[in-house]
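Here is how the chains run, residue by residue.
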Amino acid sequence: MKQRRVRFAPSPTGPLHMGGLRTALYNYLYAKQAGGKFILRIEDTDSQRFVLGSEEYVIESLRWCGIMPDEGVDKEGKIVELPCAEHPHAPYRQSQRKHIYRKYAEQLVATGNAYYAFDTHEELEALRKEAEAQKSSFTYNYHTRTSLTNSLTLPAEEVERRLQEETGWTIRFKISENRVVKMKDLIRGDIEVNTSTLDDKVLWKRADELPTYHLANIVDDHLMEITEVIRGEEWLPSLPLHYLLYEAFGWNDSQPQFAHLSLRLKPDGKGKLSKRDGDKLGFPVFPLQWINEDGEISHGYREDGYFPEAFVNLLAFLGWNPGTEQEIFTLEELIEAFSLERVVKSGARFNHDKAKWYNQAYLRRKSTQELVEAFRALEGERLAAFDDNYVGAAVELIRERAYFVHEFWNLCGFLFEAPKEYDPTGVNKFWKDDIQEIILQVAQFLENLETFSESIIEEQLENLIRTHGWGMGKVMNTLRLFLVGRSSGPGVANIMEILGKKEVLRRICNAITRLG
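Residues numbered from 1 in each chain as written. Predicted model: local features only at pLDDT ≥ 70, side-chain atom pairs only at ≥ 80, totals over all residues. Heavy atoms only, no water.

Further remarks concern the environment of A377. Along the chain, A377 falls in helix α12 (residues 368-379). Taking the C-alpha atoms as reference points, A377 and A393, 16 residues apart in sequence, are found 17 Å from one another. (Helix = DSSP H or I, 4+ residues; strand = E, 2+ residues; numbered from the N terminus.)

So this is what it looks like as structure tokens:
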């Protein structure tokens, strides 16, 4: 049985959008499910749109998500340039394969499936403007090509002269007239398109000796033995051309199957999710932070504190579902459960609150030690004086309330630094009447406790408050104000156990002194 081989083929024109990374993930899952190969190929034939650093960004994004390619990237994270046993189809960067493509374009000319076009940019632009003036549109197709400057209309001697002397010519695919192209998409089913709606696409350009996407894509997929092409919906209009190219080359038997993924939609469902939407609504649309040449910073999920496994889980559900109630999947579970049959045809709305929910779910699954290490990595010196047991107790106190590790300090920083000031609202509400005398009695009571554990403190302290007829909320909120600096937060007994008797009494004493 033929090995399943899929590819992710981004263009290095800027940071990889989360939608592009979802495409990579679906390819990865599909390949791994059948023990196949996941290949990375950089499609950099559009030199004018090349952005420095994009290629490295793509590879680092895949690495962060744990979906590194089997082919195309070496152990150092570099695109492979020379063939070897592990990477037999190198180079995997299209600009380094430019010598390959011309012969395939010329092959199509020789078989009558393509032709040389000598029309200049200025001439074609003039035709477009003329059509616009007549409230129409110009298309280079079966109807117009017979009156344009190409090898279909010029004498053979003139064609040969122009090929030798000019550098602005192209090779265009010759779309047949009024033919129905029947196609099959693994997600969308049967599709039919009449060739009369298609134009004669440029396949190869003499000016830079580079192919366009269409030719390079087909040739490379064939040479790299790709079995399925899983890509975004934006390439669906190109599917008829790609079918016709496989046919023209005589590669029908090795033609891959195609699957086109739906768009990632804005939270309101109105249009494709863009960087502008993320900036406006306050969430990232890129996996990693990106800094452009002007120094503008775009947030990334990694830098915003998301766990990679949570981000992968989120991406998987943007257009796919397992058909069950299960929402949390490890990468291994996703590989087992994934199927193109469960990928939706309609656009998938992005939900930022759901993204945070995923991260919280994974945070809650982490071991205490994992969270301690993550907390230390963020806070460094602030936690240096405290051992892992103490930091672990702090983490356990607040982990259910956090979405991200970077929220830990705001939630439990008081366990590492005594409050330097007290919330004025809490002071005005609770520090009045006879509360000072009550707190002094509580402090004496706490000092006399032999066992300073959460359960004992809670039981004995509540008994003390009830015995004296003090208001439970009044006393507890005042104690929390003194220990934390504000009247909201975790349970008072939990806080006291972690801080320890000596620190609790010290904070109570300091608060009384400062508040008078």
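Having seen the model, we can carry on.
The strands making up a sheet associate through backbone hydrogen bonding, with each pair oriented either parallel or antiparallel. Spatial strand order, β3-β4-β7-β8: four strands in an open sheet with antiparallel pairing. The open sheet has two edge strands, β3 (114-117) and β8 (210-211), and neither has a second partner. Looking at chain direction, strand β7 (residues 202-205) and β8 are connected through two bridges and run antiparallel. What sits directly across from K205, in β8, is L210. (Pairing = 2+ DSSP bridges.)

Here we come to helix α17 (residues 454-468). The terminal C-alpha atoms of α17, which comprises 15 residues, lie 21 Å apart, in line with the 21 Å expected from a rise of 1.5 Å per residue. Burial in α17 covers these residues: I457, L461, L464 and I465. Considered in projection along α17, the buried side chains sweep an arc of 95° and stay on one side of the axis. Exposed and oriented more than 90 degrees from the buried face of α17 are R466 and T467. Of the surrounding elements, those touching the buried residues of α17 are α16 (435-448), α18 (472-484) and α19 (492-499). Directly after α17, the chain includes G469, whose backbone phi takes a positive value near 75°. (Expected span 1.5 Å × (residues − 1). Buried < 20%, exposed > 50% of the residue type's maximum accessible area, 1.4 Å probe, protein only. Arc of directions from axis to C-beta. Contact = heavy atoms within 4.5 Å.)

Here the focus is unusual backbone geometry. In this structure, the amide linkage connecting A90 to the following residue, P91, adopts the cis form with an omega of 5°. Tracing the sequence through the fold places P91 in the loop between α2 (54-65) and α3 (98-110). Within the chain, N178 stands out as a residue other than glycine whose phi angle is a positive 50°. Mapping N178 onto the fold places it in the loop between β4 (170-173) and β5 (180-185). Classification of N178 by relative accessible area gives exposed; the value is 55%. Unusually for a residue other than glycine, E209 sits at a positive phi of about 55°. Checked against the element boundaries, E209 lands in the loop between β7 and β8.

A separate point is the side chain of D221. Inspection of the secondary structure assignment puts D221 in helix α6 (residues 213-223). For D221, the contacting residues outside a window of four places in its chain are R7, R41, I226, V229 and Y246.

Looking now at the packing of aromatic side chains. The tally for this structure, following the rule as stated, stands at 32 aromatic pairs. On the numbers, 4.3 Å between centres and 15° between planes, the contact of F249 with W251 is stacked. Neither F249 nor W251 differs from the other in exposure class; each is buried. When the ring of F386 is compared with that of Y390, the centres are 5.0 Å apart and the planes differ by 25°; the resulting orientation is stacked. Among the residues examined, F386 registers a relative accessible area of 22% and is labelled partly exposed. Judged by its relative accessible area of 18%, Y390 is buried. (Phe/Tyr/Trp six-rings, centres within 6.5 Å; stacked < 30°, edge-to-face > 60°.)

What follows deals with the packing of α18 against helix α20 (residues 501-515). Axis angle and axis distance: for two packed helices, these are the angle between their axes and the distance between the axes, and together they describe the pair. Viewed as axis vectors pointing N to C, α18 and α20 meet at an angle of 95°, and their least axial separation amounts to 8 Å. When the axis of α18 is compared with that of α20, the two are roughly perpendicular. For the pair formed by α18 and α20, the contact residues are L479, F482 and L483 on the first element and V504, R507, I508, A511, I512 and L515 on the second. (Axes fitted to C-alpha atoms, helices over the stretch in contact; angles between N-to-C directions. Parallel < 35°, antiparallel > 145°, perpendicular 65-115°, else oblique.)

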